[in-house]
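Fold and geometry: a report
If you want the building blocks of each chain, they are given just below.
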Amino acid sequence: MRQRRLGGQGLSVSAEGLGCMGMSTVYGPADQKEATATIHRALDLGITFLDTADMYGAGGNESLVGRAIAGRRDEVVLATKFGNEVVDGRVTGRINGRPDYLRRALEDSLRRLGVDHVDLYYQHRVDPGVPVEETFGALSKLVAEGKVRHLGISEAAPETIRRAHAVHPLTALQTEYSLFTRDVESNGVLATTRELGIGFVAYSPLGRGFLTGTIRSADELAEGDRRNEHPRFQGDNFARNLAVADRVRVLADAKGVTSSQLALAWVLARGEDVVAIPGTKRRAYLEANAAAAEITLTPDDLAAIDAVAPPGVASGDRYPADAMRAVHR
């Protein structure tokens with residue numbers, strides 16, 4: 001797996017990482033044995049950039065990742081997040097960027113992960129009640145103490161990115177980016193990270209499964225799958241989005257790759273400063289995704305993809321209304 005550099009502070013990661021969230025929460029039933037085997041296989045394939053967060057499974061995902069990397073810590077670039085408040089093993093629904101909270105959150109994450117530092121620590125969502133300068137001033141102290149190597153921020157607006165970066169250099173901005181979600185191209189986020197030399201980490205690069213070409217009906221989603229609550233998976237939006245996914249699949253078939261591989265190759269083709277972190281909890285999907293890093297898209301390929309999936313093509317918001325209020329702050 002090729003490497004890419006995030007930011008200007010010397011952090012190199014695999015061009016494709018592994019999002020671990022779905023191994024514990026959101027996408028229906030989880031299989032910890034298969035999830036652990038998937039993480040081990042990722043490391044064997046050179047996918048060494050692992051992404052988790054304290055809120056995933058209310059800490060359960062960090063514990064799973066920690067057990068999986070025990071004995072292999074030196075192979076891993078480990079990223080986790082704080083900000084979606086977790087108290088006494090429960091996600092409260094509040095966003096908390098206070099210095100006293102983030103220090104406790106980090107200590108809890110280190111304990112669950114079984115490590116003495118994390119390589120990349122993100123503010124998961126921006127707390128509108130706490131100046132970002134205050135939050136990142138406290139985070140910079142954690143860097144000075146050696147408990148965190150690099151800092152990042154997730155789903156932040158351009159001005160917020162600038163303010164945080166002025167306090168301590170940001171290594172990465174993590175935001176949703178895919179053929180279904182291209183707003184960072186027009187809202188100034190991608191331009192800002194490039195101006196400031198901040199790496200871009202694209203989560204949900206497969207459109208939460210839509211761009212895999214395997215979801216044919218909303219009825220296929222398991223009970224408890226959070227996508228049932230997302231507008232893109234509801235009513236007429238689902239049908240319109242399925243039609244887009246079908247057009248992507250036609251292009252993938254013509255190139256001799258899967259829909260997932262074409263969608264991932266497109267994200268990776270956005271620039272050497274962009275890293276994708278597709279999430280999966282199964283080895284078979286992991287191996288297929290990893291192969292996407294070797295696909296070269298020609299100018300004609302890119303033009304054809306733009307024709308069927310231009311900016312704004314997806315129908316419906318990517319989150320329910322309450323969650324949408326917390327993005328691009």
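Residues numbered from 1 in each chain as written. Predicted model: local features only at pLDDT ≥ 70, side-chain atom pairs only at ≥ 80, totals over all residues. Heavy atoms only, no water.

Per an unreviewed UniProt entry, the recorded name for the protein chain is Oxidoreductase, and the organism is Sphaerisporangium melleum.

All right, on to the nonpolar core then. With 81 residues, the main nonpolar core has Leu18, Ile39, Tyr121, Ile153 and Phe200 as its most contacted residues. Here this core gets seven residues from one element, more than from any other, and that element is helix α8 (residues 259-268). In this structure, Leu6, Ala79, Val275 and Val327 belong to the second largest nonpolar core, which totals 15 residues. (Core = buried A, V, L, I, M, F, W, Y, C linked by side-chain atoms within 4.5 Å. Buried < 20%, exposed > 50% of the residue type's maximum accessible area, 1.4 Å probe, protein only. Helix = DSSP H or I, 4+ residues; strand = E, 2+ residues; numbered from the N terminus.)

Moving on, we get to unusual backbone geometry. Notably, Arg208 is not glycine yet its phi reads approximately 55°, a positive angle. Tracing the backbone through its elements, the reader meets Arg208 in the loop between β11 (199-203) and α7 (235-255). Judged by its relative accessible area of 9%, Arg208 is buried.

Applying the stated criterion to the full structure yields 29 salt bridges. For Glu62, the salt bridge identified is with Arg112, shortest N-O distance 2.8 Å. Taken together, the residues Glu62 in helix α2 (residues 60-69) and Arg112 in helix α3 (residues 99-113) connect sequence positions 50 residues apart. Across the salt bridge formed by Arg163 and Glu133, the nearest N and O atoms sit 2.8 Å from each other. One end of the pair, Arg163, is in helix α5 (residues 158-167); the other, Glu133, is in helix α4 (residues 132-144), and 30 residues separate them in sequence. Relative accessible area serves as the criterion here: at 31%, Arg163 is assigned to the partly exposed category. Members of the salt-bridge network, linked through shared partners, are Arg103, Glu107, Glu145 and Lys147. (Salt bridge = Lys/Arg side-chain N within 4 Å of Asp/Glu carboxyl O.)

We now examine the pairing of strand β1 (residues 3-6). On any regular strand, side chains alternate: one points to one face of the sheet, the next to the other face. Burial of the side chains of β1 is restricted to one face: Arg4 and Leu6 are buried, whereas none of Gln3 and Arg5 on the reverse face is. In this structure, the hairpin formed by β1 and strand β2 (residues 11-14) is closed by a connection of four residues, where Gly7 is found at a positive phi of approximately 70°. (Pairing = 2+ DSSP bridges.)

Once rolled over the atoms, a probe with the size of a water molecule shows which space is left empty. Computed from the structure, the second largest pocket encloses a volume of approximately 190 Å³. Taken together, 15 residues make up the lining of the second largest pocket; nearest its centre are Phe180, Thr181, Asp183, Arg232 and Arg318. Tallied by class, the residues present in the lining of the second largest pocket amount to five nonpolar, five polar and five charged. (1 Å grid on protein atoms, 1.4 Å probe; cavity = no way out; pocket = protein on both sides within 12 Å on 5 of 7 lines; lining within 4 Å. Points joined across faces, edges and corners; volume = space filled by probe spheres on them. Nonpolar A, V, L, I, M, F, W, Y, C, P; charged D, E, K, R; others polar.)

Another aspect to go through is the environment of Thr214. Here Thr214 shows up in the loop between β11 and α7. Polar contacts involving the side chain of Thr214 include one to the side chain of Thr212, which spans 2.7 Å. (Polar contact = N/O pair within 3.5 Å; in protein donor to acceptor, adjacent residues only side chain to side chain.)

On to the packing of aromatic side chains. Applying the stated criterion across every chain, the model contains seven aromatic pairs. Consider the rings of Tyr177 and Phe200, whose centres lie 5.4 Å apart with planes at 70°: the pair is edge-to-face. Separated by 23 residues along the polypeptide, Tyr177 in the loop between β10 (172-176) and α6 (189-196) and Phe200 in strand β11 bring together distant segments of the chain. Measuring from centroid to centroid gives 4.7 Å for Phe210 and Phe233, while their planes differ by 25°, and the two rings are stacked. You can see Phe210 sitting in the loop between β11 and α7 and its partner Phe233 sitting in the loop between β11 and α7, a full 23 residues away along the chain. The class for Phe210 is buried, based on a relative accessible area of 1%. In this structure Phe233 comes out as buried when scored by relative accessible area, which is 5%. Ring-pair connections join several aromatic residues into one group, and the members of that group are Phe180, Phe210, Phe233 and Phe238. (Phe/Tyr/Trp six-rings, centres within 6.5 Å; stacked < 30°, edge-to-face > 60°.)

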